[in-house]
Amino acid sequence: MAGTKQATATVSGPEFACPVSPVVDIVFSRWTTSVLWALHAYGRQRFVELERRIGTITPKVLTQRLRQLERDGLVVRTYHPEVPPRVEYEISELGLSLAPLFAHLTEWGTANLGRVEEARRVYDADPARPRP
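About the thresholds
Residue positions are counted from 1 within each chain, in the order its sequence is given. Under the rules for a predicted model, residues below a pLDDT of 70 receive no local features and side-chain atom pairs below 80 are neither given nor counted, while totals for whole chains, interfaces and linings still include all residues. Heavy atoms throughout the structure, all of them, feed into the side-chain values; hydrogens and water do not. Each helix is a run of DSSP H or I of at least 4 residues and each strand a run of E of at least 2, with the numbering of both proceeding from the N terminus. Should any heavy atoms of two residues lie within 4.5 Å, those residues are considered in contact. At least two bridges found by DSSP between two strands is the condition for calling them paired. Any pair of Phe, Tyr and Trp rings, taking the six-membered ring for Trp, is counted once the centres come within 6.5 Å. Such a pair is stacked with planes under 30 degrees apart, edge-to-face with planes over 60 apart, and tilted for the rest. Buried means the residue's accessible area, taken with a 1.4 Å probe over protein chains only, is under 20% of the maximum for its type, while exposed means over 50%, and partly exposed covers the values in between. Helix span, as expected, comes to 1.5 Å for every residue beyond the first. One axis is fitted to the seven residues ending at the residue and one to the seven starting there. The bend at that residue is the angle between these axes.

Relative to the helices and strands, Thr 32 resides in helix H4 (residues 32-42). Once residues lying within four places of it in the same chain are set aside, the contact partners of Thr 32 are Ile 26, Val 27, Arg 65 and Leu 69.

Given below as structure tokens:
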């Protein structure tokens, strides 16, 4: 145990201060959860189908997210050399391994988001609190 503490103390960087940070950066960047959720819930989809399911994402941002998720190994892109060409996206095995994490977060949200909203109302109603 002492060796672990010493090794940790000699390495610097935010990823060592909180080992969850790199995971949060990968999985919870803007739109990533929506893309992964849609692919997990509805299976393999073409770009336009995915865009319609998410709704408010722009094509440019969806392209960026899909490329990053493919690079991270969370999404598989399949090109079909047909006329016209067809491209499909699906969640990878690695992406599927995040399902329990999303399930726990869903449970936490169901149990606690009301409490968070109430805490915000109390905070915002306090005249002693600074206003933005």
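There's more to say after this.
Let us look at the sheet that holds strand S2 (residues 75-80). Spatially, S1-S3-S2 is the arrangement adopted by the 3 strands of the open sheet, whose pairing is antiparallel. Only two strands of the sheet have a single partner each, and these edge strands are strand S1 (45-46) and S2. Taken together, the 2 bridges between S1 and strand S3 (residues 86-91) define a ladder with antiparallel strand orientation. Residue pairing in the sheet places Gln 45 in a bridge with Tyr 89 of S3.

Turning our eyes to something else, we now look at the packing of aromatic side chains. For the coordinates displayed, the defined rule picks out 2 aromatic pairs. Ring geometry for Trp 37 and Phe 102: centres 6.3 Å apart, planes at 65°, overall edge-to-face. A residue pair is termed long-range when its members are at least 10 positions apart, and Trp 37 in helix H4 and Phe 102 in helix H8 (residues 99-125) qualify at 65 residues. Exposure remark for Trp 37: the relative accessible area of 46% places this residue in the partly exposed category.

Looking now at H8. In this model H8 runs 37 Å from its N-terminal to its C-terminal C-alpha over 27 residues, within 8% of the 39 Å that 1.5 Å per residue would give. At Asn 112, H8 shows its maximal bend, which comes to roughly 50°. Within the span of H8, buried status applies to Phe 102, Gly 109 and Asn 112. Buried residues along H8 sit in contact with helix H3 (21-27) and H4.

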